[in-house]
Each structure stands twice: as structure tokens, then as C-alpha cells.
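Overview (structure and organization)
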Amino acid sequence: DGDDRLVKQAITHFDYSRIPEGITASRYPSDLGQYIPTFSLVWVAMIHDYWMLRDETEYVAALMPGIRSVLGWFEGYIDETGLLGPIPWWPFVDWATEWFEGSAPGGRDGHSVMISLQFAYALQRAAELEETFGQPAEATRYRNLSDKIIEAARDKAWDADKGYFRDALETTTYSQQTNTMAILVGAVPGDDAKGLMERILTDGALTQATYYYSYYVLEALREAGMANQYLEQLAPWQEMLALGLTTTPEQPDPSRTDSHAWAAHP
């Protein structure tokens, strides 16, 4: 409706929530601290979205120190593989039934291809912001770091026989989540991206994205040139309507809550 006060409140409060290490809290204000580093990367993308949709350069420019703080935290965990090593706190990605507490494989132990590519995704968006606000050298550095992460994933995690990226270097599991992010960061270009997207949508052996992460699956549809298939992917939301829900649930049944905004993206 054009009223963006709640959006700005969320962005601003997450900026206030940053701890001395550099990352944001996953909820704020709260008397019980909870830190999900992947949500700090989502916060960077939130700011980028806001910048695309609103002409508020002063507001967005004031958030740049926080963005640099978050990205600097992640950069410190890149190891000799070119991917993220073990990261502290809760490396949540999605409520996939195969993943313990929603944590991506390799999140706690290191070399999560999924989280490394999500870091690259945030770097690409931050580079656009740095360029806009007069820091071309930092924009170039972010793009170069993103490219190095993507190249490391291609070299070490692409399984040519399966036609998928592994979830982590030390695993032999494959997911919609990891391979969707690979498309979004450009790790699989052109017609190859379309072929991978088609497999992501049809291969039931992959770890499946739930409501929250399906936002990125649908974004990757567009990136792969398949946006015309968007409506076909909305069956889960049609099921919600059939159940009489007026708000979107956190995850498929048994859902912990029936009112979770992260499933409202359609």
C-alpha cells in the first residue's frame, strides 16, 4: 500500500541488534539473544531490496557500515578451500526434514557450499550498493571475493555425474537449497542453469525446500528464464487456502505456528 514504515522499522532494528562481532541478531528487541548468521546475509539483501524500490539514499547510505560489519564477519571464516569454514551460532537455512535443526550440512563443521554461496549472493548485492554510494574499490573487492567463492564451489563441490552441487565438501547430499543458490549467484550460466532448474523442480531425491526457502527457488525460476512456470509452483499456498488458513504457516504440517510471514512471499 506504499506505507513502508514497518519495513524500515525491521531494517533499522536489525542494524541496532548487531553485536560487537559484527552480525545481527535474528530477532530484536528480545531479552533472549539468538544469532543466526545466515539471517544477517538476508538483512543485507533486505537493504538491497529497499534501495531498489525506494529513493532514500541517505537512509540506505547510513546502513552501509552495518553491511560491511556483517560481510567482514563472514569473510573472516573463509579458509584454504575458498569456502566458509566452521561458523559459530546457528547456521539455519531451512526446516528441511533431513537437516538437524534446519542447519545446512557443513554449517557447523565447515565447508557448507549452501552458506558459502549465500555469502556470495549477499556480496553481489552489497557490491551494487557500494558502487552507488561512491566506493567502487570496495564494490570490486566484493565482486572478486564472490567470484572466488563461486569458483571454489565449482571446482570442489560440482558433481558432474549427478549434475548437482553437493551441500558441503565432506558430504554426498544434494538439495534444492544449495543448487537454487548456485543458479542465483551465476555459478551455472545460460542453458545449463535452465537444465539444472528443471532437475531441481522434478527430482524428489533432492532435499526439498520448505515455504521459507522456496522464495529463492521461485527467484531462481526467473533467473533461469523459466518465470512462466511460477503459477505451477503455488500448489502449497493453494493447499493453505483449502485448509482455511488466513495467514501462512511456518512449515508444512506439523507446523509450529500458523502465522509466519516468511511463507507469505507469493
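Above this text sits the structure in question.
Now for a description of the structure that goes with this document. Since this is a predicted model, take the numbers as computed values, not measurements.

Each helix and strand in the protein was counted, giving 10 helices and 2 strands. Going from N to C terminus, the protein has its helices and strands arranged as α-α-α-α-α-α-β-β-α-α-α-α. Compactness check: the protein gives a C-alpha radius of gyration of 18 Å against a globular reference of 18 Å for 266 residues, within 12% of the reference. Considered along the principal axes of its C-alpha atoms, the protein spans approximately 45 × 45 × 35 Å. Going through the 266 residues of the protein one by one, you find that 50% of them count as buried. Here the contacts in the protein between residues at least 6 apart in sequence split such that 61% fall between residues at least 24 apart. Counting only carbon and sulfur atoms, one obtains 52% of the accessible surface of the protein, whose full area is about 12800 Å². In the protein, the 19 positive side-chain charges and the 39 negative ones have mean positions that sit 3 Å from each other.

With that settled, consider helix H4 (residues 64-75). A rise of 1.5 Å per residue sets the reference length of H4, with its 12 residues, at 16 Å; its end C-alpha atoms lie 16 Å apart and thus fit the reference within 8%. Turning to H4, its buried residues number three or more, namely Met64, Gly66, Ile67, Val70, Leu71, Trp73 and Phe74. Looking at the buried side of H4, the elements it contacts are helix H1 (5-16), helix H2 (37-53), helix H3 (57-61), helix H5 (113-132) and helix H6 (136-157).

To continue, consider the packing of helix H7 (residues 176-184) against helix H8 (residues 190-202). Between H7 and H8, the shortest axis-to-axis distance is 10 Å and the interhelical angle comes to 160 degrees. Regarding the angle of H7 to H8, the classification is roughly antiparallel. Both H7 and H8 take part in a crossing whose hand is left-handed. Contact residues: Gln176, Asn179, Thr180 and Ile183 in H7; Ala193, Leu196, Met197, Ile200 and Leu201 in H8. When its residues are assigned to classes, the contact of H7 with H8 shows 6 nonpolar, 3 polar and no charged.

What follows covers the environment of His260. Relative to the assigned elements, His260 resides in the segment after helix H10 (235-242). For the pair formed by His260 and Thr248, sequence separation is 12 residues and the distance between their alpha carbons is 5.6 Å. Once residues within four sequence positions are removed from consideration, His260 is found in contact with Thr248, Pro249 and Glu250.

So, about the nonpolar core. Trp43, Ile67, Leu71, Phe119, Met181, Met197 and Tyr213 are the most contacted members of the largest nonpolar core, which totals 77 residues. If one sorts the elements of this core by residue count, H5 sits on top with 12 residues. Formed by 5 residues, the second largest nonpolar core is a distinct cluster that contains Tyr211, Leu234, Met240 and Ala263.

Residue placement: Tyr212 occurs in the loop between H8 and helix H9 (214-223). C-alpha of Tyr212 to C-alpha of Asn144: the two residues are 68 residues apart in sequence and 29 Å apart in space. Leave out the neighbours within four places in its chain, and Tyr212 touches Phe39, Val42, Phe92, Val93, Asp94, Trp262 and His265.

On to the packing of aromatic side chains, then. Within this structure, the stated rule accounts for 21 aromatic pairs. A centroid spacing of 4.8 Å and a plane angle of 75 degrees characterise the contact between Trp73 and Phe74, whose relative ring orientation is edge-to-face. Accessibility expressed as a relative area gives 7% for Trp73, which makes it buried. For Phe74, a relative accessible area of 0% gives the class buried. Put simply, the rings of Phe39, Trp90, Phe92, Trp95, Tyr121, Tyr212, Tyr213, Tyr215, Tyr216 and Trp262 pair up and form one aromatic cluster. Across from the ring centre of Tyr121, 3.6 Å away, lies the NZ or CZ of Arg125, which sits over that ring. Positioned over the ring face of Tyr164 is Arg199, at 5.7 Å from the centre of the ring.

Thresholds, definitions, all that
- Residues numbered from 1 in each chain as written.
- Predicted model: local features only at pLDDT ≥ 70, side-chain atom pairs only at ≥ 80, totals over all residues.
- Heavy atoms only, no water.
- Helix = DSSP H or I, 4+ residues; strand = E, 2+ residues; numbered from the N terminus.
- Rg over C-alpha atoms; globule rule 2.2 N^0.38 Å.
- Buried < 20%, exposed > 50% of the residue type's maximum accessible area, 1.4 Å probe, protein only.
- Contact = heavy atoms within 4.5 Å.
- Areas by Shrake-Rupley, 256 points an atom, 1.4 Å probe, with all protein chains shown as cover.
- Lys, Arg positive; Asp, Glu negative; His and termini not counted.
- Charge placed at Lys NZ, Arg CZ, Asp CG, Glu CD.
- Expected span 1.5 Å × (residues − 1).
- Axes fitted to C-alpha atoms, helices over the stretch in contact; angles between N-to-C directions.
- Parallel < 35°, antiparallel > 145°, perpendicular 65-115°, else oblique.
- Left-handed = near helix turned anticlockwise from the far one by under 90°.
- Nonpolar A, V, L, I, M, F, W, Y, C, P; charged D, E, K, R; others polar.
- Core = buried A, V, L, I, M, F, W, Y, C linked by side-chain atoms within 4.5 Å.
- Phe/Tyr/Trp six-rings, centres within 6.5 Å; stacked < 30°, edge-to-face > 60°.
- Lys NZ or Arg CZ within 6 Å of the ring centre and 35° of its normal.

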